[in-house]
Structure formats: structure tokens, C-alpha cells
There are 2 protein chains.
Amino acid sequence: MLYFSVCDHRPFDAVLFHCTALIYRKHGDPAQVSMNLPNVGAKCVLVKILAAPINPSDINMIQGTYAILPDLPAVGGNEGVAQVLEVGSQVKALKPGDWVIPRDAGLGTWRTAAVLAEEDVISLPNDIPLLSAATLGVNPCTALRMLTDFEDLKPGDTVIQNAANSAVGQAVIQIAAAKGIQTINVVRDRPDFTTLIDRLKAMGASHVIKEETLRRPELKELFKSCPRPKLALNGVGGKSATELLRHVQVGGSIVTYGGMAKQPITVPVSALIFKNIKVQGFWVTQWKRNHSQDEGALRSMLDELCSLICQGKLTAPACSEVGLQDFGTALDKAMQPFTSAKQVLVM
Amino acid sequence: MLYFSVCDHRPFDAVLFHCTALIYRKHGDPAQVSMNLPNVGAKCVLVKILAAPINPSDINMIQGTYAILPDLPAVGGNEGVAQVLEVGSQVKALKPGDWVIPRDAGLGTWRTAAVLAEEDVISLPNDIPLLSAATLGVNPCTALRMLTDFEDLKPGDTVIQNAANSAVGQAVIQIAAAKGIQTINVVRDRPDFTTLIDRLKAMGASHVIKEETLRRPELKELFKSCPRPKLALNGVGGKSATELLRHVQVGGSIVTYGGMAKQPITVPVSALIFKNIKVQGFWVTQWKRNHSQDEGALRSMLDELCSLICQGKLTAPACSEVGLQDFGTALDKAMQPFTSAKQVLVM
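If you're wondering where the values come from, they're calculated on a predicted model, not measured in any experiment.

Chemist: Hey, could you run me through the relation of the copies chain B and chain A in this one?
Modeler: One copy of the chain maps onto the second through a rotation about an axis and a displacement along it. Of the transformation placing chain B onto chain A, the axial shift is 0.0 Å and the rotation is 180°, giving an RMSD of 0.0 Å. The superposition of one copy onto the other is thereby described by a two-fold rotation axis.

Chemist: Sorry if this is basic, but what is going on with the packing of aromatic side chains here?
Modeler: Think of a pair of aromatic rings as described by two things: how far the centres are apart, and how the planes are tilted against each other in angle. All names here are of chain A. Tallied over the full model, the rule gives 8 aromatic pairs over all chains. When the ring of phenylalanine 150 is compared with that of phenylalanine 282, the centres are 6.3 Å apart and the planes differ by 90°; the resulting orientation is edge-to-face. Taken together, the residues span a long stretch of sequence, with phenylalanine 150 in the loop between helix H3 (139–149) and strand S9 (158–161) and phenylalanine 282 in the loop between strand S15 (278–281) and helix H9 (284–290) at a distance of 132 residues. Here the two residues phenylalanine 150 and phenylalanine 282 agree in accessibility, since each one is buried.

Chemist: Please explain the interface of chain B and chain A as it appears in this structure.
Modeler: Taken together, the 25 residues of chain B in the interface contact 25 residues of chain A. Interface of chain B and chain A: buried area, both sides summed, is about 1900 Å²; carbon and sulfur atoms make up 73% of it. Taken together, the links from chain B to chain A amount to 0 salt bridges. Here chain B is connected to chain A by 3 residue pairs in polar contact (both at pLDDT 80 or more).

Chemist: Looking at this structure, I do not really get the domain arrangement of chain A. What am I missing?
Modeler: By a frequent convention, interface size equals the accessible area lost on bringing the separate parts together. All names here are of chain A. With domains assigned, chain A is organised as domain 1 (18–135 + 317–346) and domain 2 (139–285). Listed as interface residues are 12 residues of domain 1 and, on the opposing side, 9 residues of domain 2. Summed over both partners, the interface of domain 1 with domain 2 buries about 800 Å², with 54% contributed by carbon and sulfur atoms. Summed over the shared surface of domain 1 and domain 2, the number is 0 salt bridges. The tally of links from domain 1 across to domain 2 stands at 1 residue pair in polar contact (both at pLDDT 80 or more). Class assignment of the residues belonging to the side of domain 1 that touches domain 2 gives a composition of 7 nonpolar, 2 polar and 3 charged.

Chemist: Explanation requested: the packing of H3(A) against helix H10 (residues 295–310) of chain A in the structure shown.
Modeler: Between two packed helices, both the angle of their axes relative to each other and the distance between the axes serve to describe the pair. All names here are of chain A. Packing of H3 against H10 brings their axes to within 11 Å, and their N-to-C directions diverge by 105°. Classified by the interaxial angle, the pair formed by H3 and H10 is roughly perpendicular. Taking contact as the criterion, the partners of Pro140, Cys141, Leu144 and Arg145 in H3 are, on H10, Met301, Leu302, Glu304 and Leu305. When the residues that make up the contact of H3 with H10 are grouped by side-chain class, the tally is 6 nonpolar, no polar and 2 charged.

Chemist: Honestly, the nonpolar core in this entry has me stumped. Any pointers?
Modeler: Residues Val47(A), Leu345(A), Val47(B) and Leu345(B) are the most contacted members of the largest nonpolar core, which totals 108 residues. Not counting residues up to four positions away in its chain, the partners in contact with Val47(B) are Ala82(B), Gln83(B), Val84(B), Leu85(B), Val100(B), Thr112(B), Ala113(B), Ala114(B) and Leu116(B).

Chemist: Just checking my understanding: could you explain the environment of Leu244(B) for this structure?
Modeler: Residues and elements named next belong to chain B. Here leucine 244 shows up in helix H7 (residues 238–247). Residue classification places leucine 244 among the buried residues on the basis of a relative accessible area of 0%. With 43 residues separating them in the primary sequence, leucine 244 and lysine 201 have C-alpha atoms 20 Å apart. Ignoring any residue separated from it by four or fewer positions in sequence, one finds leucine 244 in contact with Ile160, Gln161, Asn162, Val186, Leu214, Ala232, Leu233, Asn234 and Ile254.

Chemist: Sorry, what's going on with the sheet that holds strand S1 (residues 18–24) of chain B here?
Modeler: Whenever strands of a sheet pair, they do so through backbone hydrogen bonds, lying parallel or antiparallel. Residue and element names in this part refer to chain B. Strand order in the open sheet made by the 3 strands is S2-S1-S4, with antiparallel pairing throughout. Either end of the sheet is taken by a strand with one partner, and the two such strands are strand S2 (31–36) and strand S4 (74–75). Sheet analysis places S1 next to S2, joined by 6 bridges and oriented antiparallel. If you follow leucine 22 over to S2, its bridge partner there is glutamine 32.

Criteria and cut-off values
Sequence order as written defines the numbering, with residues in each chain counted from 1. Note on labels: chains are lettered from A, ligands numbered from 1, in written order. Selection of residues for local features in this predicted model requires a pLDDT of at least 70, selection of side-chain atom pairs for listing and counting requires 80 or more, and totals for whole chains, interfaces and linings are taken over all residues. Side-chain numbers come from the whole structure's heavy atoms, not from hydrogens or water. Each copy is superposed on the other by least squares, with the fit set by C-alpha atoms of residues at a pLDDT of at least 70 in both. Here the aromatic set is Phe, Tyr and Trp, taking the six-membered ring for Trp, and pairing holds for ring centres within 6.5 Å; pairs whose planes are under 30 degrees apart are stacked, those over 60 apart are edge-to-face, and all others are tilted. Strands are runs of DSSP state E lasting at least 2 residues, helices are runs of H or I lasting at least 4, and numbering of each runs from the N terminus. Burial classes: relative accessible area under 20% of the type maximum marks a residue as buried, over 50% as exposed, and values in between as partly exposed (1.4 Å probe, protein chains only). Contacts: residue pairs with any heavy atoms within 4.5 Å of one another. When two parts are put together, the accessible area they lose, computed with a 1.4 Å probe and summed over both, is reported as buried area. When a carboxyl oxygen of Asp or Glu is within 4 Å of a side-chain nitrogen of Lys or Arg, the pair counts as a salt bridge. Polar contacts, as used here, are pairs of N or O atoms within 3.5 Å; protein pairs need one atom able to donate a hydrogen and one able to accept it. Residues neighboring in sequence count only if both atoms are side-chain atoms. What fixes the domain bounds is an automatic or database domain assignment. Three classes are used, and their members are as follows: Ala, Val, Leu, Ile, Met, Phe, Trp, Tyr, Cys and Pro are nonpolar, Asp, Glu, Lys and Arg are charged, and the others, Gly among them, are polar. Lines fitted to C-alpha atoms define the axes here, with helix axes fitted over just the stretch in contact, and angles between the N-to-C directions of these axes take values from 0 to 180 degrees. Relative orientations are named as follows: roughly parallel for angles under 35 degrees, roughly antiparallel for angles over 145 degrees, roughly perpendicular for angles from 65 to 115 degrees, and oblique for any other angle. The criterion is simple. A nonpolar core is a set of buried Ala, Val, Leu, Ile, Met, Phe, Trp, Tyr and Cys residues joined through side-chain atoms within 4.5 Å. Whether two strands pair comes down to DSSP finding at least two bridges between them.

Shown next, in the form of C-alpha cells:
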């Protein structure tokens, strides 16, 4: 995994000769340091990081509990948008001014600038909102792939999901709505529940219900007006996932992309044998790696998402913009339960 | 579901004008009764049932706890082999002397004779062992499909299964061995464990281990000599299934066909997201219904199995042959735990 540039060094002449980065030398808390940048090699680009979110998986990586861990010391952050400032002599597809995002996890985006290999980034149109670009590569990609790769969903079909207010959940609501797919959105009860209903419905949510409602007869009423879901999306695990699974139609799927509850999923044997429910997982990092040699797959996914953004059908989740120097507070906020706004470092 | 013949009546002239059948009028215990047979309609066949096993699902059906239940009264039994005695004037593919087995569950095989629609049965070669024919339609079909339809297994690949001494388990061992696929066979500890190891190894089992071994370091030793399984087959559920799942290789599958432990499967979220394990189920009855319009699919599966039987590579599980009149004792024995022999009613 690339945390520092692998580009060739060259005699110093860059305008930016160092950057400020959030580095962790051991698993625990990152610290702000000043780092020299290597020279911009022939196949490299010098970029200024514009904005980089703090995602839960970034925190798990720093804590050392994530499925992939970098060699240390490492720059934190796996997502974000950068602007190209300078390109090496053999760089073909990028030019100064272009916006780029990482192709893979592990780039270390929590820094002001970086020298990166051209092949480690992919361009985006630079006329979409900054926060949409900064948060495009993980959650909306996860949502689009899950809505595409597991069940053949047609307009009028239903998808049920928990964690509907998460960044993935909000992207699912909007992308599904754009495709004419109904969504049943399950959220935890909270003081401002009716406000949340209104907000998610304004995004295109067909139904917004509390976790408890999954076990109540009123859900049967709901299924008089919309078909049972072909697809359930699970970002929670535990009982919540088992409850989702109960409502999936015969032959449908439940796809797990997160486990906020830190509990495994309990699957009744009869759901597998007699209802032919398929229980699977999705990890966008693995998808990107599986498709790393297929330029078209990533490009066409990003094009589809950017088109939705341009049409106003896909917006970034609520974000709090914070300066790099305030990262400590931002990390603390990102770890709170019921976080309503994503923390985004703006450089 | 067909429990009694749907064939047209015609003036009585059959040689066999009645049969003895095990019927249940309400969920509970079946009783032996004498029944008149309908006449052999133009598209029907009169058959003598030769042998019919007592499978766990037959008992669940009688108890009223199975996923599909017949209208009552119903003749018990879903599997068995019969010999054609007489065919109707429009019957095309069958002639007296042919052996046939049911195409679908629900035929009611625990009886001495029946008039059946030609389309409800399919022929088998009549030179294979009687007990192989009588037990072919459910368990070996389940084993073959699970080894074929979920992972692309190549010679040298590994499959792990629990309930390895069950009828499905024994078929898995033999079919896998015929294909050059290694099997790790998990069984419950028992007094005659070494005898069981010898018996399963003689069938072609690569490894036979106790449930407890799944949690022990010696399993790591085993994986130095054979690859981690691409496929796990689960007939038990509960902890046993979760233990199997832990050993499946990245991107592999666990397929559930039974739930003897009457416990759901606990699936860690990380196995789904980061190991991309697919958790699915298989029900041979549904497979047959899905392929009911595709004559070739069922035929080619039975041909493949009969070919293995003729080559001596697939044998029936240990069976106790009992007369129809002794069905009460046979049902009691079939419900015992650690049943080592399948009860087969021989008419």
C-alpha cells in the first residue's frame, strides 16, 4: 500500500517543497507533522489536497482494527479530492487544474499536498461541489455497486436498508430514487425523528421507519402497497440485520457493508434453504482492486455518479468543514454515536 | 401437490385394484390403510413401488413442521423407486418393466402400488442396485448440485462438510472423490469413531475430524497439506456451521442444506465484508421445480449419478430394509439420533 510517493527524486525545484500531514507512527492517535515532498518524477503528479473526509474505516485503520493496515508511519485518510498542480514529463491523462481522487484505499489523504503516481489517481469533473467530490469515492460507490451487482432491480422494486441516515444510506436513497426503486429506510429512534423522516423523504426515501417497526404488524400494512424487498442492505449487523432478512422476498439477497453494532448476523437455516436468501458482503476497496486492470469499470461508475450529482439527484451527506489543525476535535466528533455530520478536513 | 392420482378413471379392469398405503389424516402418525386404485388413464402408469426410504424431511412433513405440506389425508414418503406394470394408451416414454422415481416431492411413496401421471416420474436404468435407485432422487442429487452449482471446483480443491456421515455427506464424499476433490469431513464424536473414520475413508474421504478439532491448532497443520476449502457444506447449523465458515478461503461459499441442530447460523460481519464469503442455501425440491420444464437438466444429473453407481464409485448409504407393516418401528428408528442406517420400506 502506498503511503508515501514512490516517484523518482529529482533536483529540488518545486514550488511546494513540503506539506503538512496527519501521521500515525504507531496505532493510536495521529499527529500533525511537516514533511518534505519528493520531487515530481516523470510519471508523477504534484497535487494540493483540497478536502478529505474522516470515515469510520479511517479511524479503524488508525486504531489498528481494520482489515487492511498500512506500514507505519502512515498518513491517515483514504479518501478526498485533490487538484493537480504539476505533472511529470511522461504523465498522459492529467494536467494542472484537474481534480483527482484516489483509485484505491491507502493513499493517505490527510495532508496538504502530495506527490503521487499518475496511476494511483483518477480524474473527476472539477465543476461538481467540492464536498461531493471529496466524499464520492467510498460511500456513493458502495451504494451504487450494491444496488447494481446483487439483484436485478427494476423500477417499482423495493430495497430495505438499516443505517439509512449514514453516508452510504443517504446515497442509497438518492441513487435508488433516481432509478425508480422504492426504499424502506430503517433508522434508530431519536429525539428529532420526524425531522429525520422529512429530510430523508426529501432525498427520495419512500418509507422511513424505526428499528422497532420491523417487528410490528404495521410493516405488513406497508407491504400491501409495495412489494417485499428483493434486496436488503445492512450496515449494522446483529439483530437489525436479522430483522431486515425476515422481510426479504424469496430468492432475494441481504448484502452487508458495515457492522456498526459489532455483532454478527444470525441467519435462520430456513431462510437459506426454503427462502433461498443469499447472504453476502460488499467492500468497495476489494471491488476497486478486483477492477484495477479494468479502467472502464471505475470510470463508468464515477461518470454515472457525477451525472447524478450534476442533475441535483445526488448530494453529499451533511458535512462539517474543519481545518487540518483542528483534526483532534474532528476525530473526536467523528467517533461520537449519532453523528449527524461527516467531518471533512479542508486544506 | 399430487398425493393421489389425477388420472382419468376408466372402467375397472386393472390386475391390481388396490394398494396398501401409509396415510396420515392429520399431522401426527400415519396409519396403514387399504386404498382402491383409480383406473389407469391414457397418460398414466400403474406402478408397483419397490422400495421407499424414510427421510428426515418425510417425518417433518408428517409432523406438520416442513416447508411444504400436503393437503390431508396424504400418503407419506417423497422418494423411492417403482416398477412400471401397465401404461396408458398415450404414454410415450415408459413401458412395463421400467424403473421410475418421482420427479418432485409429494408423490406419496409409502404404498405398495399407485397410478401416476407419466409426467410425474422419470425413468432410471433398472440394472443398478435397488437401494441405490430408491435413495437416488434426494440425497445424491443434493450432493451433486451443491458440488456443482456454487463454486467452480477443480481437482485438488478442498470441500469441508459437517454431518459427513449423513446420506448427503456420504454422497458428497464419493462424488467429490470421483472428481478428484479433497474432502474434510466433520462428524460428532462417538464410541466407534475410528471405525467411522475407516468407513468414510474407504468411501474416498480425504480427512475425517471431530467437531472439536475445528477449533484446534491441528487444523492449521492439515492446511499445510491441502488448500483451504472453497466450499463448505452445512447440514447442521448452529456453532458447527460457524466453525466451518471460519475455515473457508477468501471468496468461497458456505451452502446450507439442513439444520439438524435446530440452531441458526451466526455469521461474523467481517467474513462477509472482508473475506467475501457467500452464505447460501440449497433445497433439491426447489431445484427440481425450477427445472421442471427443462427435461435435460434432471436427466443429465441422474445419468451422471447412475454412471457413478455403475462404476462402483457411488453406493447407497447403509440401509435397513423393513416391510411396510413394520413402519411404526422403522419411523421410531429413523427419529433416533446417531442413526447409522437409513430405514427403507421394501414392498
